[in-house]
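Notes for the structure review
Read off the chains here:
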Amino acid sequence: MNVNVEDGSAVTSVALLAPALLAQILIFLASLYFFVATRDHIRISVLSLCVTRRMRWRTAHVFRDVEAKVSRFLLSITFINVCVGIAVTLVMWAIGMPSPILWGALAAVLNYIPYVGQGTMILLLLAVGLGTQTRLEQIVLPALCYMGVNFIEGQIVTPHFIGRTMTLNPFVIFLSITFWLWAWGPVGGLVAVPTLLIVTSIMTHALPSKPVAPKRPVRRTRNMTDREALLANTAQAIKEQRQDAEDSGEKRKQERMEPPEGTAPTGVDTSG
């Protein structure tokens, strides 16, 4: 009598997925290397396709903004993620979690993927807690500690280093992450936000928007903050635009009510 034991453990699943994940990482690193090595040639080639001086000027500004935004984002987020990894390592070591360095490294890598990476980390910590602990407080303690570190990073550290200029719509970020995860697997989550920054820079220069500024700026007081001054000027500009639209509507209405020159209101010519 033959007995076949099927091994369906998580280690086997990870071992089966490892070659595909390693291939995706190698493709990503190779693409990044060739792009960095040939970015000057790509810029010259794209600029040579521009037929007018204004188009070349706008394209050069697109390249400049893309390099500035992407490099600033990657440097800032890498520094933040290293700090998050160190903090998670210390916290996991303090509460007695096994392999704290592994959890810190995993937290640093997953923090490159907004929202999805943090949610994945919390689920992993809860799963490990359910599998190794019996008391409720011990099960949720690792996840709560990580959520505390992530809250400090997301609400204090990241806004301070990245600032308002890198603020993107969370819904658009989630759509970008979903698309790249579907198109490129786990590695796609790493390029989702940089790709979104590139698209945002291109659209900003391709479709430049007119700044909202009032004709008569609001007088700023000593206690008024930058945000309050910006909101007050924006409200003043909207009010002026509404008033201009109403005046234009009244003017067109009066022009329609007035008879043509040389005619009476009844349409009878009175010139003779």
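As the structure is a prediction and not an experimental result, all values here were calculated from the model.

Moving on to the overall build of the protein chain. Looking only at helices and strands, the protein chain has 9 helices and 0 strands in total. The helix and strand sequence of the protein chain, counted from the amino end, reads α-α-α-α-α-α-α-α-α. When burial is assessed residue by residue, the protein chain has 24% of its 272 residues classed as buried. Looking at the protein chain alone, contacts between residues at least 24 apart form 60% of all its contacts between residues at least 6 apart. Carbon and sulfur atoms make up 67% of the accessible area of the protein chain, which amounts to about 19900 Å² in all.

Approximately 1000 Å³ is the volume attributed to the largest pocket. Along the wall of the largest pocket there are 26 residues; nearest its centre are L32, F35, V70, L74 and P194. Ranked by the residues each element gives to the lining of the largest pocket, the list is headed by helix 3 (residues 53-95), at 9 residues. Residues of the lining of the largest pocket, tallied by class, amount to 21 nonpolar, 3 polar and 2 charged.

Here we come to the confidence of the model for the protein chain. Across the protein chain, the average pLDDT comes to 76, with 80% of residues at 70 or higher. Predicted confidence in the protein chain is weakest over helix 1 (residues 10-37), with a mean pLDDT of 69, and strongest over helix 4 (residues 100-110), with 89.

To continue, consider the environment of L125. Relative to the elements of secondary structure, L125 occurs in helix 5 (residues 116-132). Looking at L125, the relative accessible area reads 0%, which means it is buried. In this structure, the C-alpha to C-alpha distance between L125 and V140, residues 15 residues apart in sequence, is 8.1 Å. For L125, the residues in contact, after removing those within four places along its chain, are M92, M97, W103, I139, P142, A143 and Y146.

Under the counting rule described, the total for this entry stands at 2 aromatic pairs. Arranged with centres 5.4 Å apart and planes meeting at 75°, the rings of F179 and W180 form a pair that is edge-to-face. Its relative accessible area of 21% is what places W180 among the partly exposed residues. Relative to W182, the ring of F179 has its centre 6.0 Å away and its plane inclined at 45°; by these criteria the two rings are tilted. Of this pair, F179 and W182 both sit in helix 7 (residues 170-184), 3 residues apart, roughly one helical turn. A relative accessible area of 69% places W182 in the exposed class. Ring-pair connections join several aromatic residues into one group, and the members of that group are F179, W180 and W182.

Direction vectors running N to C along helix 3 and helix 4 enclose 150°, while the axes themselves pass 7 Å from each other. Here helix 3 lies roughly antiparallel to helix 4, going by the angle between them. Crossing of helix 3 over helix 4 shows right-handed handedness. Counting all contacts with helix 3, which are made through N81, G85, V88, T89, M92 and W93, the residues of helix 4 involved are P100, I101, W103, G104, A107 and A108. Classifying every residue of the contact of helix 3 with helix 4 gives 8 nonpolar, 4 polar and no charged.

On to a nonpolar patch on the surface, then. Taken together, the side chains of L32, F35, V36, I42 and V46 define a hydrophobic patch exposed on the protein surface, amounting to about 390 Å² of accessible area. Of all the elements in the fold, those that place two or more residues in the nonpolar patch are helix 1 and helix 2 (39-48). Tracing the sequence through the fold places V46 in helix 2.

For side chains of opposite charge, pairing can occur when their charged atoms come near one another. Evaluation of the coordinates by the stated rule reveals 3 salt bridges. One salt bridge in this structure joins E67 and R43, with 2.2 Å as the shortest N-O distance. Placement of E67 in helix 3 and of R43 in helix 2 is noted, with a sequence separation of 24 residues between them. Of the residues examined, E67 reaches a relative accessible area of 34% and is grouped as partly exposed.

Procedures and definitions
- Sequence order as written defines the numbering, with residues in each chain counted from 1.
- Local features are withheld for residues below a pLDDT of 70 in this predicted model, meaning they are given only at 70 or higher, and side-chain atom pairs are given and counted only at 80 or more; totals for whole chains, interfaces and linings count all residues.
- Working from all heavy atoms in the structure, the side-chain values ignore hydrogens and water.
- What counts as a helix is a DSSP run of H or I of at least four residues, what counts as a strand is a run of E of at least two, and both are numbered from the N terminus.
- Each residue's exposure class comes from its accessible area (1.4 Å probe, protein chains only) as a fraction of the maximum for that residue type: buried when under 20%, exposed when over 50%, partly exposed otherwise.
- Any two residues having at least one pair of non-hydrogen atoms within 4.5 Å are treated as being in contact.
- Areas reported here follow the Shrake-Rupley algorithm with a probe of radius 1.4 Å; residue values treat only the protein chains shown as occluding.
- Cavities and pockets are found on a 1 Å grid laid over the protein atoms alone: a cavity is a set of points where a 1.4 Å probe fits but cannot escape, a pocket is an open set with protein on both sides within 12 Å along at least five of seven lines, and a lining residue has an atom within 4 Å of such a point.
- Grid points are joined across faces, edges and corners, and a volume is the space filled by probe spheres set on the points.
- Gly falls in the polar group here, along with every residue not listed as nonpolar (Ala, Val, Leu, Ile, Met, Phe, Trp, Tyr, Cys, Pro) or charged (Asp, Glu, Lys, Arg).
- Known as pLDDT, the predictor's per-residue confidence is scaled from 0 to 100.
- Between 30 and 60 degrees the pair is tilted, below 30 it is stacked and above 60 it is edge-to-face, where a pair is any two Phe, Tyr or Trp rings, Trp via its six-membered ring, whose centres lie within 6.5 Å.
- Axis definition: a line fitted to C-alpha atoms, over the contacting stretch in the case of helices. Angles run 0 to 180 degrees between N-to-C directions.
- Angular relationships are summarised with four words: roughly parallel below 35 degrees, roughly antiparallel beyond 145, roughly perpendicular across 65 to 115, and oblique for the angles in between.
- Crossing handedness is defined as follows: a turn of the near helix away from the far one that is anticlockwise and smaller than a right angle gives a left-handed crossing, while the clockwise case is right-handed.
- Like-charged residues within 9 Å of one another, or nonpolar side chains (Val, Leu, Ile, Met, Phe, Trp, Tyr) within 5 Å, are grouped into patches, provided each residue has over 30% relative accessible area and no salt bridge.
- Criterion for a salt bridge: a side-chain nitrogen of Lys or Arg within 4 Å of a carboxyl oxygen of Asp or Glu.

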